[in-house]
There are 4 protein chains.
Amino acid sequence: MAYNLLKGKKGIIFGALNDKSIAWKVAERAWEEGATFTLSNTPVAIRYGELDELGKKTGSKIIPADATSLSDLNMLFEESMDFLGGKLDFILHSIGMSMNVRKGRTYDDLDYSYLQKTIDISAISFHKVLQTARKLNAINEWGSVVALSYVAAQRTLYRYNDMADAKAMLESVARSFGYIYGRDKKIRVNTISQSPTPTTAGSGVAGFDGLMDFTERMSPLGNATAEECADYCITLFSDLTRKVTMQNLFHDGGFSSMGMSLRAMNVYNRSLEIDENED
Amino acid sequence: MAYNLLKGKKGIIFGALNDKSIAWKVAERAWEEGATFTLSNTPVAIRYGELDELGKKTGSKIIPADATSLSDLNMLFEESMDFLGGKLDFILHSIGMSMNVRKGRTYDDLDYSYLQKTIDISAISFHKVLQTARKLNAINEWGSVVALSYVAAQRTLYRYNDMADAKAMLESVARSFGYIYGRDKKIRVNTISQSPTPTTAGSGVAGFDGLMDFTERMSPLGNATAEECADYCITLFSDLTRKVTMQNLFHDGGFSSMGMSLRAMNVYNRSLEIDENED
Amino acid sequence: MAYNLLKGKKGIIFGALNDKSIAWKVAERAWEEGATFTLSNTPVAIRYGELDELGKKTGSKIIPADATSLSDLNMLFEESMDFLGGKLDFILHSIGMSMNVRKGRTYDDLDYSYLQKTIDISAISFHKVLQTARKLNAINEWGSVVALSYVAAQRTLYRYNDMADAKAMLESVARSFGYIYGRDKKIRVNTISQSPTPTTAGSGVAGFDGLMDFTERMSPLGNATAEECADYCITLFSDLTRKVTMQNLFHDGGFSSMGMSLRAMNVYNRSLEIDENED
Amino acid sequence: MAYNLLKGKKGIIFGALNDKSIAWKVAERAWEEGATFTLSNTPVAIRYGELDELGKKTGSKIIPADATSLSDLNMLFEESMDFLGGKLDFILHSIGMSMNVRKGRTYDDLDYSYLQKTIDISAISFHKVLQTARKLNAINEWGSVVALSYVAAQRTLYRYNDMADAKAMLESVARSFGYIYGRDKKIRVNTISQSPTPTTAGSGVAGFDGLMDFTERMSPLGNATAEECADYCITLFSDLTRKVTMQNLFHDGGFSSMGMSLRAMNVYNRSLEIDENED
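Residues numbered from 1 in each chain as written. Chains lettered and ligands numbered in written order. Predicted model: local features only at pLDDT ≥ 70, side-chain atom pairs only at ≥ 80, totals over all residues. Heavy atoms only, no water.

(A) Region of the structure containing the overall build of chain A. A tally of regular secondary structure across chain A gives 10 helices and nine strands. Expressed along its principal axes, the backbone C-alpha trace of chain A runs to roughly 70 × 45 × 40 Å. Residue burial in chain A is summarised as follows: out of 279 residues, 67% are buried. Residue pairs in contact within chain A that sit at least 24 positions apart in sequence constitute 76% of those at least 6 positions apart. Charged side chains of chain A number 31 positive and 35 negative; the gap between the two group centres comes to 9 Å. (Helix = DSSP H or I, 4+ residues; strand = E, 2+ residues; numbered from the N terminus. Buried < 20%, exposed > 50% of the residue type's maximum accessible area, 1.4 Å probe, protein only. Contact = heavy atoms within 4.5 Å. Lys, Arg positive; Asp, Glu negative; His and termini not counted. Charge placed at Lys NZ, Arg CZ, Asp CG, Glu CD.)

Below, the structure written as structure tokens:
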């Protein structure tokens, strides 16, 4: 169902890869709500992903860009404003990657050149997006910028590794830049802390299925899906949330406010009972 | 501007007094967005307020009820479902009062019978609303319940007094009941932590003007108004935020994430400079 | 091992029942560190507990008092200062009780007279202790007041029930009164959020063993014991923490900062694997 | 006054420059409490500082090391264990630097090579210290590691700039590594979030005096001094806080839990009144 919440609004959506991506769902929903936008990802991701299909469906231009490169970002913002015929109203940042995770380096055996890349790609890229937009004066007053985060920024989850530190920094960038961009241009900057989501990126983490089951049973409303996250993004891009800024907003079916649920405890206890029978 | 976000949805709005009330603004916006609802407040508030006008404008039934009375709440829910022709989809709880504040009792000289009333009216009433709704099975699946809170629940503001403790408990009730109501009925429960707002209730706090100026200059987007709060409530009542629950959501122009702003510091420093000149 | 950290300091310790109580351990450690103090609990608890033994060991006077009664508290403070020969330096508040938990009333079926008692005993009593001390000017400058709390104040644990709301309010009282008492008398007020501890009170919660196992495996250092909590209290009563105030301090082996540990996930996953084999 | 709290304990203290440094005060207090340790800083800081004096007073070896260099850190840990005659019990990390701040680059005009250095020096260095210690098995069971942080990690303060993001990441590193180090070796890792302190580093921030005055009046106990911070560190290095880990501990006279104090508001309001008189 559509409400015209983004009628006439223009944006850039970073990070769609295929139809499992949260950014993909955001693009579909933004389009349904009346927005026009460009889609950006790295050249490699565009080659291996299915972004063309999404571009056609939503009438969007696909612009390859490395979000860690200032010249790429400059080009992206210029081309986007050119294509859209004016300044932007919203941006989605859905970018993150850890070579330490990919290569199976544990957190007490990090490769520091990988760590630098994790931070550069997953956190500093968000600052670069904001600083580039600011210098080009590329966002309209009351525009809205959202980046996707994860509860690992507050609480340690084994194997989430250096992405936890990157997300903590990402959320800090949202606050730090949100202050300046709010004060000077009335633009809001927030992060959404989303449930674990079975995207191509998310599934890469070892032990992901068990964790998904645990968070599903811990969360009174269950894990939030990519589609539901897209709905939530729409509200944050709309004019109905103009005074929400510098926040990290949990979109997780209640997980972040849970200590222990009956449903998760039942699974856990069953395993304990087996112990006792075996002993 | 309206989007039909609440088309066909039914609700109860507690706490509207006059056109400065946040609850009043929520009622106006909910009506614009296609909702039908009843309005409730205490008999005294209804007598001295201007609720009739709002009821006529929005086609709502006004039902007097003391939100600390279980029998009143039962009657209210029954009459509301009767008037609206079915179960509810949303509830707004905008209720709070401290006799200690009114009577000028400082926090180290509380009257404990007043304190009990503060807690009963400002926090336990929210539990009573939820428990009554639950027992009557009065809310549809994926319904949404919101209560209004204030940052004093996390950080002490002089003179906010025992209302701080009441708001801390209110936010806890949202989490505690949100778990059960989410698990059993897919109903979400959240609080909005709103900027200081010059309502009839808010203005009662001594020194309110200076505080409003401070928070205005601390918040990069300025204080959030009652109208803006109403817009935000609409998003939380809509179907676009179904997986947001057990959260306290700051709607405050960024205040909650600020340590010190340039604009507030400039005012503060000017006063310090005067000191030095005088000395 | 003792360090003379509390040499010459005087205090009141509320809530010791038997040698499993955290308050009991605090009394033993405070005595070892050179403090003198009185011990207080309700007349009933004193009758059924073993406080006499503790009193003899530590040379303390046992003073029955209902911590919800202002006249009892007045008497207690007067008698304590009399017995100790001067004003106090520290207070431990380890008091909490829920009739809703005891009677098995679930959180969506609370008895509201029980709830009022939960709040009065578990949260407001802390305010009464502080207000009485303040009015009698019973605490020396740089004195330290600590109350025991639990992570349920921030995150919902099934069956912890209305104690979660009481702990949230308790922590708020620490902040609210900590502001006034710090500003006026240089006295600090904090709460310690302690691991689940197998005291007589703690064990009353149904499903306590499974929860203890879960938090043990989630916490990198394991659950904190009552003895360890007593050690931590000593540091907060000492002169080495004079500028720590209005804080809720987690003493829980790291639990509060964990999202998921490998050890807990292993137990959880084993249960899931059984499911698959059975299906 | 000394208590023998660190009798026989061995450590490394990073970041002492001169007698205004927090690390300097920690060294003095650790020495008084019976510890032996080495002192480390960059070669440049050692040349321009007064570390020799501190080394003589406390019988410590001074070991120059760049905390961003793995080979330097390896050498430092080896030499320290050699000098101290065994493994370590505590480490203090008091390291931070931003070229963006020094060069007056505002947060919306960051130099990204400077930002990378800020993160490397102020946050990643902490990971490198921990990873090096872990690989060398250089810390005894129940050892304690502390890094110094600032409330800017949670709340934006104008001009604190990219140090806010570095501190947010630093605190995340403490949690992430605290999980692993706790689970495997019973070693705790925490950060202390200290009041603004007039050290050589702190004073470099423009507008520091006004901010110090504001936080002094906002904090019920006033700003915490470097000496008081040293006392607090001692408790965290002692055996009395063994189950405190993965925490960010505010040592700030209550500032972090304040929304607005009467004393700060009085200064602020006086400036507003002048406005009105002038208008």
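(B) Here's a closer look at the side chain of D:T58. Residue and element names in this part refer to chain D. With respect to the helices and strands, T58 occurs in helix 3 (residues 51-58). Side-chain polar atoms of T58 contact the backbone oxygen of L54, separated by 2.8 Å. Leave out the neighbours within four places in its chain, and T58 touches A27, W31 and F37. (Polar contact = N/O pair within 3.5 Å; in protein donor to acceptor, adjacent residues only side chain to side chain.)

(C) Spatial organisation of the relation of the copies chain B and chain A. Placing chain B over chain A gives an RMSD of 0.0 Å and needs a rotation angle of 180°, together with 0.0 Å of translation along the axis. Given the turn and translation reported, the copies of this chain are related as if by a two-fold rotation axis. When C-alpha distances to the rotation axis are compared across chain B, the minimum falls at B:Y3, with a value of 2.6 Å. (Least-squares fit on C-alpha atoms with pLDDT ≥ 70 in both.)

(D) Molecular detail of the packing of aromatic side chains. The tally for this structure, following the rule as stated, stands at 26 aromatic pairs over all chains. When the centroid spacing of 5.3 Å and the interplanar angle of 85° are considered together, the rings of A:Y268 and C:F214 count as edge-to-face. A residue pair is termed interchain when its members come from two chains, as with A:Y268 in helix 10 (residues 262-278) and C:F214 in helix 8 (residues 208-218). Joined through ring pairs, the aromatic side chains of A:F214, A:F255, A:Y268, C:F214, C:F255 and C:Y268 make up one cluster. Seen from the ring of C:Y112, B:K128 lies directly overhead, with NZ or CZ sitting 5.1 Å from the centre. (Phe/Tyr/Trp six-rings, centres within 6.5 Å; stacked < 30°, edge-to-face > 60°. Lys NZ or Arg CZ within 6 Å of the ring centre and 35° of its normal.)

(E) Just the interface of chain B and chain A, in detail. Of the residues lining the interface, 42 residues belong to chain B; the matching set on chain A comes to 42 residues. Summing the contributions of chain B and of chain A, the shared interface buries around 3,600 Å²; its carbon and sulfur component is 65%. Broken down residue by residue, the surface that chain B buries against chain A is led by B:L221, B:L240 and B:K243, which jointly contribute 24%. Inspection of the region where chain B meets chain A yields two salt bridges. As a salt-bridge pair, A:E228 and B:K243 come within 2.9 Å of each other at their nearest N and O atoms. For the pair chain B and chain A, the interface holds 16 residue pairs in polar contact (both at pLDDT 80 or more). (Buried area = accessible area lost by both parts, 1.4 Å probe. Salt bridge = Lys/Arg side-chain N within 4 Å of Asp/Glu carboxyl O.)

(F) Highlighting the environment of D:G207. One can find D:G207 in the loop between strand 7 (188-194) and helix 8 (208-218). For the pair D:G207 and D:Y158, spaced 49 residues apart in the sequence, the C-alpha separation amounts to 9.5 Å.

(G) Inspection of the relation of the copies chain A and chain D at higher detail. Under the fitted operation, chain A is carried onto chain D by 0.0 Å of movement along the axis and a turn of 180°, and the coordinates agree to an RMSD of 0.0 Å. Comparing contact sets, 100% of the residues at the interface of chain A also lie at the interface in chain D, consistent with an isologous, same-surface contact.

(H) Fine view of the sheet that holds strand 1 (residues 10-14) of chain A. All names here are of chain A. Pairing is parallel in the open sheet, where seven strands are placed in the order 3-2-1-4-5-7-8. Edge positions in the sheet fall to strand 3 (61-64) and strand 8 (248-251), since each of these pairs with one other strand and no more. Shown here is a sheet whose adjacent strand axes are inclined to one another by a mean of 20°, direction ignored. As defined by bridge partners, strand 7 (residues 188-194) adjoins strand 8 across four bridges and the pair is classed as parallel. Note that in strand 8 the partner of I192 across the bridge is L249. Packing against the sheet, helix 4 (residues 70-84) makes contact with strand 1, strand 2 (36-41), strand 3 and strand 4 (88-93), and its axis sits at approximately 155° to strand 2. (Pairing = 2+ DSSP bridges. Axes fitted to C-alpha atoms, helices over the stretch in contact; angles between N-to-C directions.)

(I) Structural context of unusual backbone geometry. The backbone of A:W142 shows a phi angle near 65°, a positive value even though the residue is not glycine. Relative to the helices and strands, A:W142 resides in strand 5 (residues 139-149). In the Ramachandran plot, C:M246 falls in the positive-phi region, its phi being about 65° despite a non-glycine side chain. You can call C:M246 buried: its relative accessible area is 1%.

(J) Highlighting the interface of chain A and chain D. Across the contact, 32 residues belong to chain A and 32 residues belong to chain D. Each partner contributes to the roughly 2,900 Å² buried at the junction of chain A and chain D, and carbon and sulfur atoms together form 59% of this total. On the chain A side of the interface with chain D, the three residues burying the most area are A:Y107, A:D108 and A:Y112, jointly 24% of the side's total. In this assembly, chain A and chain D are joined by four salt bridges.

(K) Geometry of the pattern of salt bridges. Residues and elements named next belong to chain A. In total, this model carries 68 salt bridges over all chains according to the counting rule given. In this structure, E79 engages K61 in a salt bridge whose closest nitrogen and oxygen atoms are separated by 3.3 Å. In this pair, E79 is assigned in helix 4 and K61 in strand 3, connecting sequence segments 18 residues apart. Classification of K61 by relative accessible area gives partly exposed; the value is 32%.

(L) Region of the structure containing the packing of helix 6 (residues 112-135) of chain A against helix 7 (residues 163-185) of chain A. Residues and elements named next belong to chain A. The contact between helix 6 and helix 7 brings their axes to 8 Å, and the two run at 10°. Viewed along their axes, helix 6 and helix 7 adopt a mutual orientation that is roughly parallel. Together, T118, I119, S122, A123, I124, F126, H127, L130, Q131, A133 and R134 of helix 6 and M163, D165, A166, M169, L170, V173, A174, F177, I180, Y181, D184 and K185 of helix 7 make up the contact between the two elements. Tallied by class, residues from the contact of helix 6 with helix 7 come to 15 nonpolar, four polar and four charged. (Parallel < 35°, antiparallel > 145°, perpendicular 65-115°, else oblique. Nonpolar A, V, L, I, M, F, W, Y, C, P; charged D, E, K, R; others polar.)

(M) View of the side chain of B:D165. Checked against the element boundaries, B:D165 lands in helix 7 (residues 163-185). Buried charge B:D165 goes without a salt bridge, the closest partner of opposite sign being C:R175 at 6.6 Å. A polar contact of 3.1 Å, which involves the side chain of B:D165, links it to the side chain of C:S176. Apart from the residues within four sequence positions on either side, B:D165 is in contact with B:Y107, B:I119, C:M169, C:S172, C:V173 and C:S176.

(N) Highlighting helix 8 of chain C. Across the 11 residues of helix 8 of chain C, eight count as buried, placing the element largely inside the fold. Taken residue by residue, helix 8 of chain C has C:F208, C:G210, C:L211, C:M212, C:D213, C:F214, C:T215 and C:M218 as its buried positions.

(O) Spotlight on the sheet that holds strand 3 (residues 61-64) of chain D. Residue and element names in this part refer to chain D. Ordered in space as 3-2-1-4-5-7-8, the seven strands form an open sheet in which the pairing is parallel. One side of each edge strand has no neighbouring strand; the edge strands of this open sheet are strand 3 and strand 8 (248-251). Here the average twist between neighbouring strands, direction ignored, is 20°. Note that strand 5 (residues 139-149) and strand 7 share six bridges and pair parallel. Across the sheet, the residue bridging to S144 is R188, located in strand 7. The strands touched by helix 3 are strand 2 (36-41) and strand 3; relative to strand 2, the strand with the most contacts, the crossing angle is about 175°.

(P) View of the environment of A:I95. All names here are of chain A. Checked against the element boundaries, I95 lands in the loop between strand 4 and helix 5 (99-102). Residue I95 is classed as buried on the basis of its relative accessible area, which comes to 18%. Separated by 26 residues in sequence, I95 and I121 place their C-alpha atoms 7.1 Å apart. Setting aside residues up to four positions removed in sequence, I95 forms contacts with F14, A67, I121, S122, S125 and K167.

(Q) Region of interest: the environment of D:N266. Structurally, D:N266 can be placed in helix 10 (residues 262-278). Distance from D:N266 to D:K243, taken between C-alpha atoms, is 41 Å for residues 23 residues apart in sequence.

(R) Inspection of the packing of helix 6 (residues 112-135) of chain D against helix 7 (residues 162-185) of chain D at higher detail. Residues and elements named next belong to chain D. One way to put it is that helix 6 packs onto helix 7 with a least axis distance of 9 Å and a crossing angle of 10°. One element, helix 6, and the other, helix 7, form an angle in the roughly parallel class. Here the contact of helix 6 with helix 7 is composed, by residue class, of 16 nonpolar, four polar and five charged.

(S) Quick look at the state of the cysteines. All names here are of chain C. Counting across every chain of the model gives zero disulfides over all chains. Looking at C229, it has no disulfide partner, and the nearest cysteine sulfur is the one in C233, 4.4 Å off. A relative accessible area of 0% places C229 in the buried class. (Disulfide = S-S within 2.5 Å.)

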